[in-house]
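# Structure assessment
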Amino acid sequence: MAFGLSPKYTLELPAGELSREHFLVLLLEAAKQLNWNIGFTDENGFVAYTKFSMTSWAEEVTVKLEDDHAILNSECTGNQIMDWGKNKRNIEWCESGFTELKANLSSEQLVEKDAELKYGWE
């Protein structure tokens, strides 16, 4: 009998005072700054893919919005047994980018990016 568990890392990130829309915008912008390929996006979150590298076959990063937090998950897409800490680093980089963007983007910029995002869904 054969089975496999892909290495993964998960983190709950609190929304704090952010609206659901602005929370999603900041997380998406963080993923874009990391040059991840955004595969799917809706009002409840997104799925992104990291680039292939010498240490991984790429990872799938999912962000799912809950009531007052987001669940960030990074998981290897290939048949890797070890991830050498790559999944944890993906989530840490995303969280760090989110924190930096939250501190630097104005409310007006968040509203504008949210409108652009919703326009893409229609």
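Described in the following lines is the structure provided in the data block. On a predicted model such as this, the values are computed, not experimentally measured, just so you know.

## Focus: the overall build of the protein chain
Within the protein chain, the regular secondary structure consists of 3 helices and 5 strands. Its C-alpha atoms give the protein chain a radius of gyration of 15 Å, near enough to 14 Å, the size a compact globule of 122 residues would have. Projected onto its principal axes, the C-alpha coordinates of the protein chain cover approximately 55 × 30 × 25 Å. The 122 residues of the protein chain split such that 39% are buried. Expressed as a percentage of contacts within the protein chain between residues at least 6 apart in sequence, the contacts between residues at least 24 apart total 54%. A total of about 7,600 Å² of accessible surface is found on the protein chain, and carbon and sulfur atoms cover 53% of it. With 11 positive and 21 negative side-chain charges, the protein chain shows a separation of 5 Å between the mean positions of the two kinds.

## Notes on the packing of helix 1 (residues 20-33) against helix 2 (residues 86-104)
In a packed pair of helices, the relevant descriptors are the angle between the two axes and the axis-to-axis distance. Their axes nearest at 8 Å, the elements helix 1 and helix 2 cross at an angle of 120°. Of the possible angle classes, the one that applies to helix 1 and helix 2 is oblique. By crossing handedness, the relation of helix 1 to helix 2 is classed as right-handed. Each of Phe-23, Leu-26, Leu-27, Glu-29, Ala-30 and Gln-33 in helix 1 lies in contact with helix 2, whose residues at this interface are Cys-94, Gly-97, Phe-98, Leu-101 and Lys-102. Of the residues contributing to the contact of helix 1 with helix 2, the split by class is 7 nonpolar, 2 polar and 2 charged.

Calculation notes
Residues numbered from 1 in each chain as written. Predicted model: local features only at pLDDT ≥ 70, side-chain atom pairs only at ≥ 80, totals over all residues. Heavy atoms only, no water. Helix = DSSP H or I, 4+ residues; strand = E, 2+ residues; numbered from the N terminus. Rg over C-alpha atoms; globule rule 2.2 N^0.38 Å. Buried < 20%, exposed > 50% of the residue type's maximum accessible area, 1.4 Å probe, protein only. Contact = heavy atoms within 4.5 Å. Areas by Shrake-Rupley, 256 points an atom, 1.4 Å probe, with all protein chains shown as cover. Lys, Arg positive; Asp, Glu negative; His and termini not counted. Charge placed at Lys NZ, Arg CZ, Asp CG, Glu CD. Axes fitted to C-alpha atoms, helices over the stretch in contact; angles between N-to-C directions. Parallel < 35°, antiparallel > 145°, perpendicular 65-115°, else oblique. Left-handed = near helix turned anticlockwise from the far one by under 90°. Nonpolar A, V, L, I, M, F, W, Y, C, P; charged D, E, K, R; others polar.

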